[in-house]
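# Overview (structure and organization)
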Amino acid sequence: GSWAVAAGSIGSEPWRTYVYRLVDGSWTKDTELGTSAASALSVAASKSATYVYAHQSSGDGGQAYLATLSADGSGSVVRELSSEVTRAASLSGCIAVDDGHVYLVGANGSGAVSASAAPLDDSSLMTPLGSQVYRSGFGVSSVVVGGHVYCAVADDDASAVAVRVHDALPGTGIPDPG
């Protein structure tokens, strides 16, 4: 595989978010995520790729991006996520992956925490996963283990952590809810 890190560059204007890859012993700027420095940044890897979630805050609510980086370093794809997904994870966000899906757990500006999922090959199909995870949270973390998506949420005053569980989606696509 190809080693990669994601980081915000805030040393000079304009601020940006980049993915850097280790190529022949040197870190090389590889992929730009959006047009600003990320206020929320999360990375997860599957057998075939690395995924980077970045949320960039702005006066209009911001933008969210999901980058897919090939494991061999041969390419990357960056997709802007829908405004609905952007709002749902505007305060914080964390991604996790299994063999078929990427899962995003995020807190919105009011602290409501929810989970969404999309097929690994099409983040435009990001849809809610179950009901609200937590009513008033700030920091979030997620992991997929044994067919379950675990969502850890720190409440807004950091005095408690709650863990909620959703069943991971079967197969390689999201079932039609209709």
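Located above this text is the structure these notes cover.
Because the structure is a prediction, the values reported are computed rather than measured. (Residues numbered from 1 in each chain as written. Predicted model: local features only at pLDDT ≥ 70, side-chain atom pairs only at ≥ 80, totals over all residues. Heavy atoms only, no water.)

### Concerning the sheet that holds strand E9 (residues 101–107)
We apply this condition: Pairing between two strands is assigned when DSSP locates at least 2 bridges connecting them. Put simply, DSSP H or I for four residues or longer makes a helix, DSSP E for two residues or longer makes a strand, and each gets a number counted from the N terminus.
Within the open sheet, the four strands sit side by side as E8-E9-E10-E11. Their pairing is antiparallel. Each end of this open sheet is capped by a strand with a single partner; those strands are strand E8 (92–97) and strand E11 (127–128).

### Let's talk about the sheet that holds strand E4 (residues 40–45)
Applicable threshold: Helix axes are fitted to C-alpha atoms over the stretch in contact, other axes to C-alpha atoms as well, and angles between N-to-C directions run from 0 to 180 degrees.
One open sheet accounts for four strands, arranged E4-E5-E6-E7; its pairing is antiparallel. Two strands close off the open sheet at either side, each with one partner strand: E4 and strand E7 (76–80). On average, adjacent strands in this sheet sit at an angle of 15° to one another, irrespective of strand direction. Bridging between E4 and strand E5 (residues 49–56) involves six bridges; their strand directions are antiparallel. Within E5, the position partnered with Ala-44 by the bridge is Tyr-51.

### A closer look at the packing of aromatic side chains
Definition in use: Stacked, tilted and edge-to-face are the three classes assigned to paired rings of Phe, Tyr and Trp, where Trp is represented by its six-membered ring and a pair needs centres within 6.5 Å; plane angles under 30 degrees give stacked, over 60 edge-to-face, the rest tilted. Placement of a charge over a ring requires the Lys NZ or Arg CZ to be within 6 Å of the ring centre, with the centre-to-atom vector within 35 degrees of the ring normal.
Throughout the structure, instances matching the rule amount to one aromatic pair. A cation over a ring is seen here: Lys-29 above Tyr-18, with NZ or CZ 4.2 Å from the ring centre.

### Re the environment of Ser-116
This is how it is decided: Three labels apply to residues, based on accessible area from a 1.4 Å probe with only protein chains included: buried if under 20% of the type maximum, exposed if over 50%, partly exposed otherwise in between. Residues are treated as being in contact if the distance between any of their heavy atoms lies within 4.5 Å.
Inspection of the secondary structure assignment puts Ser-116 in strand E10 (residues 113–119). For Ser-116, a relative accessible area of 10% gives the class buried. Between the alpha carbons of Ser-116 and Leu-104 there is a distance of 5.2 Å; along the sequence they are twelve residues apart. Here Ser-116 is in contact with Val-102, Tyr-103, Leu-104, Met-126, Thr-127, Pro-128 and Leu-129, once residues within four sequence places are set aside.

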